[in-house]
Protein chains: 2
Amino acid sequence: MMIKTIVFIGAGNVATQLGLAFKEAGFEILQVYSRTGKSATLLSNKLNCFATTDIKKIVTHADLYIFSVKDSALSKILRDFEVDNAFAVHTSGSIGLEVFRGLKLRYGVFYPLQTLSKSVRADFEKIPVCVEAQDVKHLNLLMRMGKKITRNVTHVNSQQRAVMHVAAVFACNFTNHLYAIADDLMEKENLSFDLLFPLIEETLRKVKNHKPYEVQTGPAVRNDKEIMQKHLQQLASLPAYQKIYNFISKSIIETKKRNS
Amino acid sequence: MMIKTIVFIGAGNVATQLGLAFKEAGFEILQVYSRTGKSATLLSNKLNCFATTDIKKIVTHADLYIFSVKDSALSKILRDFEVDNAFAVHTSGSIGLEVFRGLKLRYGVFYPLQTLSKSVRADFEKIPVCVEAQDVKHLNLLMRMGKKITRNVTHVNSQQRAVMHVAAVFACNFTNHLYAIADDLMEKENLSFDLLFPLIEETLRKVKNHKPYEVQTGPAVRNDKEIMQKHLQQLASLPAYQKIYNFISKSIIETKKRNS
């Protein structure tokens, strides 16, 4: 068996980018289901397939059903889905395989580790896809399918995927928040955030070749109390930033103590 | 007047990379001073010039004296420096112009905003250099000099530079610490940190075209309590990371409240 035909349940950011990637790789997208007609139609037009807002009208002969809906909506929609013995995967980073247990389905997970949006076309070739399935046979099906759109397909179990999702929050969402703080500080002094790009890029370049812990720089890792005190004074009028400065500096100092 | 000849006081990471860049750009490096003979010799060999460990033996006819020493050592070494009316700059991000006041010197600041090391050759063309001086004449001298090694020379006053230095800590040192946490989480689950690179790169790509605040994603900015709760449970055995997860999530939520 090989997967050739796909139905998308959900028409959000992930469904849109996965749909486009699979279509381009030669898969046939049969149908898009979404609760709201507008998004179903929008995506089905892009994928040149049928749209429906009625879960009972989903075609029954697809090789794979990809559930790309909000985490909180997934179990309910899986219960409403009535195609017995269908091969179903979800695309969530934080939901385990057990969401499928007790349902009349064959099942797996197809999780692209990237922040996706409807309007910006994703370059899937560079996106790691994490797959998991009920058994080796279905895992191999997903592996082969993933390799049609990216070179980076990895078997990741539910526990690993959940922790990876937390790690992604640290490495992506939290760093973005730190960029937002830096941008705000620069703006208050009429300086462009762009000035920091070379420094940010260098930070990233370094962790590509070293463990981030080993290339930690800055006053905290040197335990340079004088500079840290100066920085805290600079932030005197911004207690929220002062708190975060203090807190992360302490975490860097403690991490160093733990590891030395 | 134009600057053609330079003496370096200090032989650390910044002196090394600035020295190499200025030499390549056609400046003549006359001498390197360092407290320790070994580093003075090491750098003077690279720059093909004289070395000294005796501050009284520094040549008196250089056009510019670049003080690249530890912040805590700068004022003492400036007091010991006896070349009257010399043009002196320091390269520190966190020390103001006032360190020169009351000394018989003409003065300014030449601050390269980058994390530099002795062994990795810096690509200065892409490094922002922030200059400041006692008057317009000396500022222009430093501007012109900076433009010989980078296209990115900006006039930044002491208050701006100090805040920029704090912003750099947020954008570079603190993000690196978050990478270190992510790496540690991944490693504990036998997953490679490399899997997160596309996500990290996408985060950076986005802030090049948008304000970081506007492209914030993740459970905290959506105030998705269910996922945040799940993540905190994932971190149950790692209270230090749990604390930082909680703290930055709250900061993201509060920032959104303040701005909306």
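Residues numbered from 1 in each chain as written. Chains lettered and ligands numbered in written order. Predicted model: local features only at pLDDT ≥ 70, side-chain atom pairs only at ≥ 80, totals over all residues. Heavy atoms only, no water.

A. Structural view of the interface of chain B and chain A. If you look at the interface, chain B gives 84 residues, while chain A gives 84 residues. Between chain B and chain A, the buried area comes to about 8,000 Å², and carbon and sulfur atoms account for 69% of it. The interface formed by chain B and chain A contains 6 salt bridges. The partner of A:Glu187 in a salt bridge is B:Lys211, with the nearest N and O atoms 2.9 Å apart. Taken together, the connections running from chain B to chain A amount to 30 residue pairs in polar contact (both at pLDDT 80 or more). Looking at the side of chain B that touches chain A, the elements with two or more residues in it are helix H3 (71–80), helix H5 (158–188), helix H6 (197–209), helix H7 (225–234) and helix H8 (239–259) of chain B. The dominant element in the side of chain B that touches chain A, judged by the number of residues it contributes, is H5(B), at 27 residues. (Contact = heavy atoms within 4.5 Å. Buried area = accessible area lost by both parts, 1.4 Å probe. Salt bridge = Lys/Arg side-chain N within 4 Å of Asp/Glu carboxyl O. Polar contact = N/O pair within 3.5 Å; in protein donor to acceptor, adjacent residues only side chain to side chain. Helix = DSSP H or I, 4+ residues; strand = E, 2+ residues; numbered from the N terminus.)

B. Spotlight on the pattern of salt bridges. Tallying each qualifying case throughout the model produces 24 salt bridges over all chains. The salt bridge involving B:Asp184 is made with B:Lys188; its shortest N-O contact spans 3.4 Å. Pair noted here: B:Asp184 and B:Lys188 are both in helix H5, with a separation of 4 residues, about one helical turn. Salt bridges linked by common partners bring A:Asp183, A:Glu187 and B:Lys211 together as one network.

C. A look at the domain arrangement of chain A. Residue and element names in this part refer to chain A. Domain assignment breaks chain A into domain 1 (5–156) and domain 2 (161–259). Every contact between the two is made by 14 residues of domain 1 and, on the other side, 6 residues of domain 2. Summing both sides of the interface, domain 1 and domain 2 together bury roughly 670 Å²; the carbon and sulfur share of this comes to 63%. It is Gly-93, Tyr-111 and Val-156 that lose the most area in domain 1 upon contact with domain 2, and together they represent 50% of the buried surface on that side. Where domain 1 touches domain 2, the interface holds 1 salt bridge. Counting across the interface, domain 1 meets domain 2 through 3 residue pairs in polar contact (both at pLDDT 80 or more). (Domains from an automatic or database assignment.)

D. Main features of the packing of helix H5 (residues 158–188) of chain A against helix H8 (residues 239–259) of chain A. All names here are of chain A. Running from N to C, H5 and H8 cross one another at 130°; their axes reach a closest spacing of 12 Å. Comparing the axis directions of H5 and H8 gives the class oblique. Considering only the axes of H5 and H8, their crossing is left-handed. For the pair H5 and H8, the contacting residues are His-177, Leu-178, Ile-181, Asp-184 and Leu-185 in the first and Tyr-241, Ile-244 and Ile-248 in the second. A per-class count over the contact of H5 with H8 returns 6 nonpolar, 1 polar and 1 charged. (Axes fitted to C-alpha atoms, helices over the stretch in contact; angles between N-to-C directions. Parallel < 35°, antiparallel > 145°, perpendicular 65-115°, else oblique. Left-handed = near helix turned anticlockwise from the far one by under 90°. Nonpolar A, V, L, I, M, F, W, Y, C, P; charged D, E, K, R; others polar.)

E. View of unusual backbone geometry. In the Ramachandran plot, A:Asn190 falls in the positive-phi region, its phi being about 60° despite a non-glycine side chain. Among the structural elements, A:Asn190 can be located in the loop between H5 and helix H6 (197–209). With phi around 65°, B:Asn85 is a residue other than glycine that occupies positive phi space. On the secondary structure map, B:Asn85 appears in the loop between H3 and strand S5 (87–90).

F. Here's a closer look at the sheet that holds strand S7 (residues 129–133) of chain A. Residue and element names in this part refer to chain A. The strand order across the open sheet formed by 8 strands is S3-S2-S1-S4-S5-S6-S7-S8, and the pairing between neighbours is mixed. Looking along the sheet, the strands with just one partner apiece sit at the ends: strand S3 (50–52) and strand S8 (153–155). Here the strands of the sheet are splayed against their neighbours by 25° on average, with no regard to which way each runs. Along the sheet, helix H1 (residues 13–24) makes contact with strand S1 (5–9), strand S2 (28–33), strand S4 (64–67) and strand S6 (105–112), crossing S1 at roughly 170°. Across the sheet, H5 lies against strand S5 (86–90), S6, S7 and S8, angled at about 30° from S6, the strand it touches most. (Pairing = 2+ DSSP bridges.)

G. Main features of the nonpolar core. A:Phe170, A:Leu196, B:Phe170 and B:Leu196 are the most contacted members of the largest nonpolar core, which has 131 residues in total. Ignoring anything within four residues of it in the chain, the contact list for B:Leu196 reads A:Leu113, A:Met164, A:Ala167, A:Ala168, A:Ala171, B:Ala182 and B:Met186. (Core = buried A, V, L, I, M, F, W, Y, C linked by side-chain atoms within 4.5 Å. Buried < 20%, exposed > 50% of the residue type's maximum accessible area, 1.4 Å probe, protein only.)

H. Expanded view of the side chain of A:Glu189. Positionally, A:Glu189 belongs in the loop between H5 and H6. For A:Glu189, which is buried and forms no salt bridge, the nearest opposite charge comes from A:Lys188, at a distance of 9.2 Å. The contacts of A:Glu189, once residues within four sequence positions are left out, are B:Gln159, B:Gln160 and B:Val163. (Lys, Arg positive; Asp, Glu negative; His and termini not counted.)

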